[in-house]
Amino acid sequence: VALFGEKYGDSVRVVDFGGWSRELCGGTHVERSGDIGAAIIVSEQSIGQGARRIDMLVGEAAEQLWTQQQAQLREAAAALRARPEELAERIEALQAQVKAARREAEEARRASLGAGRLGDAEFEHVDGVRFGALVLDGDRKSVADAADALSDRLEGGVALVIGKGSVVV
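Calculation notes
Residues numbered from 1 in each chain as written. Predicted model: local features only at pLDDT ≥ 70, side-chain atom pairs only at ≥ 80, totals over all residues. Heavy atoms only, no water. Helix = DSSP H or I, 4+ residues; strand = E, 2+ residues; numbered from the N terminus. Expected span 1.5 Å × (residues − 1). Buried < 20%, exposed > 50% of the residue type's maximum accessible area, 1.4 Å probe, protein only. Arc of directions from axis to C-beta. Contact = heavy atoms within 4.5 Å. Phe/Tyr/Trp six-rings, centres within 6.5 Å; stacked < 30°, edge-to-face > 60°. Lys NZ or Arg CZ within 6 Å of the ring centre and 35° of its normal. Salt bridge = Lys/Arg side-chain N within 4 Å of Asp/Glu carboxyl O. Core = buried A, V, L, I, M, F, W, Y, C linked by side-chain atoms within 4.5 Å. Pairing = 2+ DSSP bridges. Patch = residues over 30% accessible without salt bridge, like charges linked within 9 Å, V, L, I, M, F, W, Y side chains within 5 Å. Areas by Shrake-Rupley, 256 points an atom, 1.4 Å probe, with all protein chains shown as cover. Axes fitted to C-alpha atoms, helices over the stretch in contact; angles between N-to-C directions.

Draft legend 1. Highlighting helix 1 (residues 59-79). Between its first and last C-alpha atoms helix 1 spans 31 Å; for 21 residues at 1.5 Å apiece the expected length is 30 Å, and the two agree. For helix 1, every residue scored as buried is listed here: G59, A62, L65 and A77. On an axial view of helix 1, the arc spanned by its buried residues comes to 115 degrees, and they lie on one face. Away from its buried face by more than 90 degrees, helix 1 exposes E60, E75, A78 and A79. Of the residues one or two after helix 1, R81 is the one with positive phi, at around 50 degrees.

Draft legend 2. Representation of the environment of L160 in the model. Along the chain, the position of L160 falls in strand 7 (residues 158-164). According to the relative accessible area criterion, L160 is partly exposed, its value standing at 47%. Residue contacts for L160: discarding those within four places in its chain leaves G132, A133, L134 and L150.

Draft legend 3. View of the packing of aromatic side chains. A full pass over the atoms with the stated rule returns zero aromatic pairs. The ring of F123 has R130 lying over it, and the distance from NZ or CZ to the ring centre is 4.7 Å.

Draft legend 4. Representation of the pattern of salt bridges. In total, this model carries two salt bridges according to the counting rule given. For R83, the salt bridge identified is with E85, shortest N-O distance 2.7 Å. In this structure R83 comes out as partly exposed when scored by relative accessible area, which is 48%. Classification of E85 by relative accessible area gives exposed; the value is 59%.

Draft legend 5. Fine view of the nonpolar core. Counting eight residues, the largest nonpolar core consists of A121, L134, L136, V143, A146, L150, L154 and V161. Elements with a minimum of two residues in this core: strand 6 (129-137) and helix 3 (140-154). For this core, the leading source of residues is helix 3, giving four residues. A121 has contacts with A133, L134 and L150, leaving out every residue within four places of it along the chain.

Draft legend 6. Summary view of the pairing of strand 3 (residues 39-48). Sheet topology places strand 3 next to strand 4 (residues 51-58); eight bridges connect them, and they run antiparallel. Residue pairing for strand 4: S46 is matched across the bridge by R52. Counting the residues in the hairpin turn of strand 3 and strand 4 gives two residues, including G50, whose phi is positive at 75 degrees.

Draft legend 7. Just a nonpolar patch on the surface, in detail. A cluster of nonpolar side chains, namely V126, V129, F131 and V158, defines an oily patch on the protein surface of about 260 Å² accessible area. Following the sequence through the fold, V129 ends up in strand 6.

Draft legend 8. Inspection of the sheet that holds strand 5 (residues 122-126) at higher detail. Across the sheet, which stays open at both edges, the three strands sit in the order 5-6-7 with mixed pairing between neighbours. With one partner strand each, in any of the chains shown, strand 5 and strand 7 form the two edges of the open sheet. Taken pair by pair, the neighbouring strands of this sheet meet at an average axis angle of 20 degrees, ignoring direction. In this sheet, strand 7 lies alongside strand 6 in parallel orientation, the contact comprising seven bridges. In the sheet register, L136 faces strand 7, and the bridge partner there is G163.

Honestly, that's just the spatial picture; any functional story needs more than this.
Here it is in structure tokens:
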């Protein structure tokens, strides 16, 4: 038995687990799973229909990985002033705070844009249609936001915002 695209050494065992799983084992050979000691799955992926590849670290290598991960978990918990079991909840709360802060900053930026730069806009009526034009220095986002704000102010009119320099909209 072999799987296409897989590389095997000279010795490959087929291990049957009570009829519910059959494994090709090209790695560590032991009499009993307890002989391996600690085992940590480091990757798992599909290699075909009904076939999975599971890579594990065992023994001393598994214990070293576990020790390293525990140290990283403690460091993260200390940085967030939380217990390790609270990390997921704490991270979610921080992500919500960041999202809210970004939203507030964007709203403040738009408000200042509307109050400030739009004062320089020129307005004109042509055949019953209100036109607004504005030329400004700024990045792509500033130009786009100014166009939105100017369009809102015109209430159905035509807005034209031109960015000076290398701004591309």
